[in-house]
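Letter by letter, the chains look like this.
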Amino acid sequence: DTEVTQTPKHLVMGMTNKKSLKCEQHMGHRAMYWYKQKAKKPPELMFVYSYEKLSINESVPSRFSPECPNSSLLNLHLHALQPEDSALYLCASSQGRGGSSYNEQFFGPGTRLTVL
Amino acid sequence: AQSVTQLGSHVSVSEGALVLLRCNYSSSVPPYLFWYVQYPNQGLQLLLKYTSAATLVKGINGFEAEFKKSETSFHLTKPSAHMSDAAEYFCAVREDTGGFKTIFGAGTRLFVKA
């Protein structure tokens, strides 16, 4: 199984809602990532987890809260988002430690988020 | 800091023609380079990666890339374009400190005309 799955595919939420994005992989990867991608732009790194510990937080606003319950799952909790947070949110994973630079990332299909 | 520059935000070719997507990197150490493809409303998929084992790297779907240290380039080519190749292509470099960060180029949209 070389797949990263993400749910939901689409999400529409108001600025006062609380929602969560979910990501799952069963490749035994120990590094997992959240990216934000705006239209016609490259992905921007938000968070990295290595061995279920948060390794990188790219100064992301606190209205985004990541969680890694176990080695296969990665969540992104959303609260009080702004319309400018509307984007495609991509999850990725890579083999072993994130520090193994030859190891490519496997991406999920993304969650298209719209904040009204 | 490492970076990649993709020359040309849009490239248009006819079906059956050569595809050439340009990528130049900036690195003071041997870089870890990747090409990814993104189809509309999908995630990114790895096309190929440079591992220093060979300067000519073959990837999926008939794509290949040549690492040229003297030109600091890692251009992506395909001899004959197919309609299904129409997508966004990202060149990327893995940061050499810690290895967690992948720096993506701005992307090149490939259009294939019938």
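Residues numbered from 1 in each chain as written. Chains lettered and ligands numbered in written order. Predicted model: local features only at pLDDT ≥ 70, side-chain atom pairs only at ≥ 80, totals over all residues. Heavy atoms only, no water.

This part is about the overall build of chain B. A tally of helices and strands in chain B yields zero helices and eleven strands. Counting helices and strands in the order they occur from the N terminus, chain B gives β-β-β-β-β-β-β-β-β-β-β. For 114 residues, the compact-globule estimate of 2.2 N^0.38 gives 13 Å, and chain B sits close to it at 14 Å. C-alpha extents for chain B along the principal axes are approximately 45 × 30 × 20 Å. By the burial criterion, 44% of the 114 residues in chain B qualify as buried. In chain B, 56% of the contacts between residues at least 6 apart in sequence involve partners at least 24 apart. Carbon and sulfur atoms make up 53% of the accessible area of chain B, which totals about 5300 Å². Charge centroids of chain B, computed over 10 positive and 8 negative side chains, lie 1 Å from each other. (Helix = DSSP H or I, 4+ residues; strand = E, 2+ residues; numbered from the N terminus. Rg over C-alpha atoms; globule rule 2.2 N^0.38 Å. Buried < 20%, exposed > 50% of the residue type's maximum accessible area, 1.4 Å probe, protein only. Contact = heavy atoms within 4.5 Å. Areas by Shrake-Rupley, 256 points an atom, 1.4 Å probe, with all protein chains shown as cover. Lys, Arg positive; Asp, Glu negative; His and termini not counted. Charge placed at Lys NZ, Arg CZ, Asp CG, Glu CD.)

This next bit is on the interface of chain A and chain B. If you look at the interface, chain A gives 27 residues, while chain B gives 24 residues. Seen at the junction of chain A and chain B, the total is two salt bridges. Between K49 of chain B and E104 of chain A there is a salt bridge whose closest N-O contact spans 2.7 Å. Summed over the shared surface of chain A and chain B, the result is seven residue pairs in polar contact (both at pLDDT 80 or more). When grouped by side-chain class, the residues that make up the side of chain A that touches chain B number twelve nonpolar, eleven polar and four charged. (Salt bridge = Lys/Arg side-chain N within 4 Å of Asp/Glu carboxyl O. Polar contact = N/O pair within 3.5 Å; in protein donor to acceptor, adjacent residues only side chain to side chain. Nonpolar A, V, L, I, M, F, W, Y, C, P; charged D, E, K, R; others polar.)

Now for the packing of aromatic side chains. A complete count under the given rule lists 13 aromatic pairs over all chains for this structure. Centroid distance Y33 of chain A to Y35 of chain A: 6.3 Å. Interplanar angle 25°. Geometry classified as stacked. Comparing Y33 of chain A with Y35 of chain A, the two get one shared label, buried. With 5.9 Å between their ring centres and 55° between their planes, Y36 of chain B and F104 of chain B make a pair best called tilted. (Phe/Tyr/Trp six-rings, centres within 6.5 Å; stacked < 30°, edge-to-face > 60°.)

All names here are of chain A. Strand order in the open sheet formed by four strands is β1-β3-β8-β7, with antiparallel pairing between adjacent strands. Since the sheet does not close on itself, it has two edges, and those belong to β1 (4-7) and β7 (64-70), each with one partner. Put simply, the sheet's adjacent strands are angled 20° from each other on average, direction ignored. (Pairing = 2+ DSSP bridges. Axes fitted to C-alpha atoms, helices over the stretch in contact; angles between N-to-C directions.)

Let us now look at the pattern of salt bridges. Residues and elements named next belong to chain B. All told, the structure shown has seven salt bridges over all chains when counted by the stated rule. The salt bridge involving E64 is made with K58; its shortest N-O contact spans 2.8 Å. For E64, a relative accessible area of 23% translates into the label partly exposed. Residues R109 and E88 are paired through a salt bridge, measuring 3.2 Å at the closest nitrogen-oxygen approach. Placement of R109 in strand β11 (residues 108-113) and of E88 in strand β9 (residues 87-94) is noted, with a sequence separation of 21 residues between them. Residue class for E88 comes out buried when judged on its relative accessible area of 11%.

A word on the state of the cysteines. Here the structure, examined in full by the defined rule, presents two disulfides over all chains. In this model, C23 of chain A is linked to C91 of chain A through a disulfide, with the two sulfur atoms separated by 1.9 Å. The sign of the -70° torsion about the S-S bond sets the C23 of chain A-C91 of chain A disulfide as left-handed. With a gap of 68 residues between them, C23 of chain A in strand β3 (residues 18-25) and C91 of chain A in strand β9 (residues 87-94) connect regions that are remote in the sequence. Sulfur-sulfur distance for the disulfide between C23 of chain B and C91 of chain B comes to 1.9 Å. Negative torsions about the S-S bond denote left-handed disulfides, and the value of about -60° found for C23 of chain B with C91 of chain B makes this one left-handed. A residue pair is termed long-range when its members are at least 10 positions apart, and C23 of chain B in strand β3 (residues 19-26) and C91 of chain B in strand β9 qualify at 68 residues. Residues C23 of chain B and C91 of chain B agree in their burial class; the two are buried. There is no disulfide at C68 of chain A, and the cysteine sulfur nearest it, in C23 of chain A, is 9.2 Å away. (Disulfide = S-S within 2.5 Å.)

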